[in-house]
Amino acid sequence: MKLIISASIACFFAACSGNQKPVDLTEAKTAGSKKYEIGCITEKALSSYAQLPGQLNPFNEVNLFPKVNGFVKQIFVDRGSQVRKGQLLITLEAPEMESQLQAANSRYLQAQETANASKEKYTRLKQAAAEPGSVSPLDLDNAISRMKADIAIANAEKSNVESVRTVSGYLHIYAPFDGMIVQRNVSPGALVAPGKSTDQPMLVLQDIRRLRLEVAIPENYVDKVDLKQPVTFTFNAMPGIQHTAKISRLANTLGNMRSEAIEIDVINKDGQLKPGMYGEVKIPMLSGAKSLVVPNSAIVRSTEMEYIIVVKNGKAKLVDIKEGLANKNATEVFGNLAANDQIIQNASDDIKEGDLIK
């Protein structure tokens, strides 16, 4: 047993004192390191058009609210009804409004009679004053003052009658333009009141004979759109049917999404187009406009930023960018860049600012 233990110890020390060399882990790490493919930013002419999404909106749209409190008496239209400008849509009833009109009429008639009496009195005094000494000048002055005051009161009551009559006219709801009723939210007998834009309207009227195709142009393209060239567009609900029109108007300001809204008027001859439809719009670009293009793999997207990695003096530099047009292989970029700048084509977020690039 002692011989076996002694032999084992001898073998252990022999192995430790042998000619084996330590493993070089540096070479293995270097052999497995990732090689970066270096490329250059190219400058190319923009595509002749930019394909952007668009949405159809009604040319005119209005939410119809009552101007006075009342109950719905009659509704002459429903969802889908075609209406003409000035057509009666809804009548309301408010009994207190009729009482107010009658009271105003009574006050006006009374004031008018008083004004007529004052005028008649003044006329008689004036005739009597033709005889010297029969009427004092003071009585004549008082008579003319009273007549003018009574006439003024009568005119005020007349204006009040017109005002009440105008308010009573609000019990009739008319169409402000030709169009179609797309929503009806009340029924006869419902109590309605003047509301805010956030409240539910009685009716929603849209003019769909002509529609507005609204497209948001990204900030980087607003100065490159060719306003003189026609625009072509197709709708997702009607594939294969291509339409052509010209840009009708533009907002001349950037919205919350850093884009400018443009509108294209679309004539809806057969009524097949509906507000809310989405389409693909080809916006023509000015010829000769150039932009910087990089491979798609060169763009790094994170939750904090979107950037490409530029190689300067053998070191990595992260440059913020904004994307433009893109295809399967390349993307148009905007940022603090120049043509022929060296970039890493197979970039990733593992590369940090200032890393050595070989």
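All of the points below concern the structure found in this document. (Residues numbered from 1 in each chain as written. Predicted model: local features only at pLDDT ≥ 70, side-chain atom pairs only at ≥ 80, totals over all residues. Heavy atoms only, no water.)

### A few points about the overall build of the protein chain
Secondary structure summary: the protein chain contains four helices and 21 strands in total. Of the contacts formed within the protein chain by residues at least 6 apart in sequence, a portion of 76% connects residues at least 24 apart. (Helix = DSSP H or I, 4+ residues; strand = E, 2+ residues; numbered from the N terminus. Contact = heavy atoms within 4.5 Å.)

### Details of the sheet that holds strand E7 (residues 172–174)
With antiparallel pairing, the four strands of this open sheet are ordered in space as E7-E6-E4-E9. Looking along the sheet, the strands with just one partner apiece sit at the ends: E7 and strand E9 (191–192). Here strand E4 (residues 70–75) runs beside strand E6 (residues 88–93); their pairing, made up of four bridges, is antiparallel. Across the sheet, the residue bridging to Phe 71 is Glu 93, located in E6. (Pairing = 2+ DSSP bridges.)

### Some details on the side chain of Thr 91
Looking at the element boundaries, Thr 91 is found in strand E6. Judged by its relative accessible area of 7%, Thr 91 is buried. Excluding residues within four positions of it along the chain, Thr 91 makes contact with Phe 71, Val 72, Lys 73, Gln 74, Phe 76, Leu 171 and His 172. (Buried < 20%, exposed > 50% of the residue type's maximum accessible area, 1.4 Å probe, protein only.)

### Remarks on the packing of aromatic side chains
For the structure shown, the criterion picks out two aromatic pairs. Their ring planes at 75° and their centres at 6.3 Å tell us that Tyr 221 and Phe 334 sit as a pair that is edge-to-face. On the criterion of sequence distance, the pair formed by Tyr 221 in the loop between strand E10 (203–218) and strand E11 (231–235) and Phe 334 in strand E20 (residues 330–335) is long-range, its members being 113 residues apart. A cation sits over an aromatic face here: Arg 210 above Phe 59, 3.7 Å from the ring centre. Directly above the aromatic system of Phe 59 lies the positively charged group of Arg 212, at a separation of 4.1 Å from the ring centroid. (Phe/Tyr/Trp six-rings, centres within 6.5 Å; stacked < 30°, edge-to-face > 60°. Lys NZ or Arg CZ within 6 Å of the ring centre and 35° of its normal.)

That is the geometry; function is a separate question.
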